[in-house]
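Residue-level listing of the chains:
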Amino acid sequence: MEQQLNQLSPQQRQQVMMQAQQEANQQIMQGMLEKMAATCFTKCVGTSGSKLDSREQSCMAHCQDRYFDVRERVQAALQNRQNSM
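Residues numbered from 1 in each chain as written. Predicted model: local features only at pLDDT ≥ 70, side-chain atom pairs only at ≥ 80, totals over all residues. Heavy atoms only, no water.

On to the nonpolar core. Side chains of a nonpolar character, in soluble globular proteins, are inclined to be buried together. Core analysis: the biggest nonpolar cluster contains seven residues, these being M36, C40, C44, V45, C59, M60 and C63. Among the elements of the structure, α2 (10-44) and α3 (54-84) are those that each provide at least two residues to this core. The contacts of V45, once residues within four sequence positions are left out, are C40, L52, E56 and M60. (Core = buried A, V, L, I, M, F, W, Y, C linked by side-chain atoms within 4.5 Å. Buried < 20%, exposed > 50% of the residue type's maximum accessible area, 1.4 Å probe, protein only. Helix = DSSP H or I, 4+ residues; strand = E, 2+ residues; numbered from the N terminus. Contact = heavy atoms within 4.5 Å.)

Our focus in this paragraph is the environment of E72. Summarising the element assignment, E72 is placed in helix α3. Remark: the alpha-carbon pair of E72 and Q19, spanning 53 residues in sequence, is separated by 22 Å.

What follows concerns the confidence of the model for the protein chain. Looking at the protein chain, the pLDDT average stands at 85 and 93% of residues meet or exceed 70. Mean pLDDT across the secondary structure elements of the protein chain bottoms out at helix α1 (residues 2-6), with 70, and peaks at α3, with 88. (pLDDT = per-residue confidence, 0-100.)

Now for α3. With 31 residues, α3 extends 45 Å from end C-alpha to end C-alpha; this agrees with the ideal 45 Å at 1.5 Å per step. Within α3, burial applies to E56, C59, M60 and C63. Where α3 is buried, its residues touch α2. The distance from a side-chain oxygen at the start of α3 to the backbone nitrogen of R55 is 3.1 Å, and the residue carrying that oxygen is D53. (Expected span 1.5 Å × (residues − 1). Polar contact = N/O pair within 3.5 Å; in protein donor to acceptor, adjacent residues only side chain to side chain.)

Taken as a whole and judged by the stated rule, the model has two disulfides. Disulfide pairing is shown between C40 and C63; the S-S distance is 2.0 Å. As the torsion about the S-S bond is roughly -85°, the C40-C63 disulfide counts as left-handed. With a gap of 23 residues between them, C40 in helix α2 and C63 in helix α3 connect regions that are remote in the sequence. Comparing C40 with C63 shows no difference in burial state: the two are buried. Note on cysteine connectivity: C44 is disulfide-linked to C59, with sulfurs 2.0 Å apart. (Disulfide = S-S within 2.5 Å.)

Spelled out as structure tokens, the structure:
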């Protein structure tokens, strides 16, 4: 694999690295969404039956909003760190 990368031009290597980073980011996001859904569901949903009541719906919405707020802050902090390198 390393030998194959060495045969690529600098632009091609950069494209490969960017694609790998994008795929890694997608996996991270998928994992975060799955964790968010499980965490919010556990926190908010009771035994009200097959439908969420209004309190559960509100709790789920607020919980998900908090996850997205945190994600945005972490992403901004990582971007700042990367730009300062």
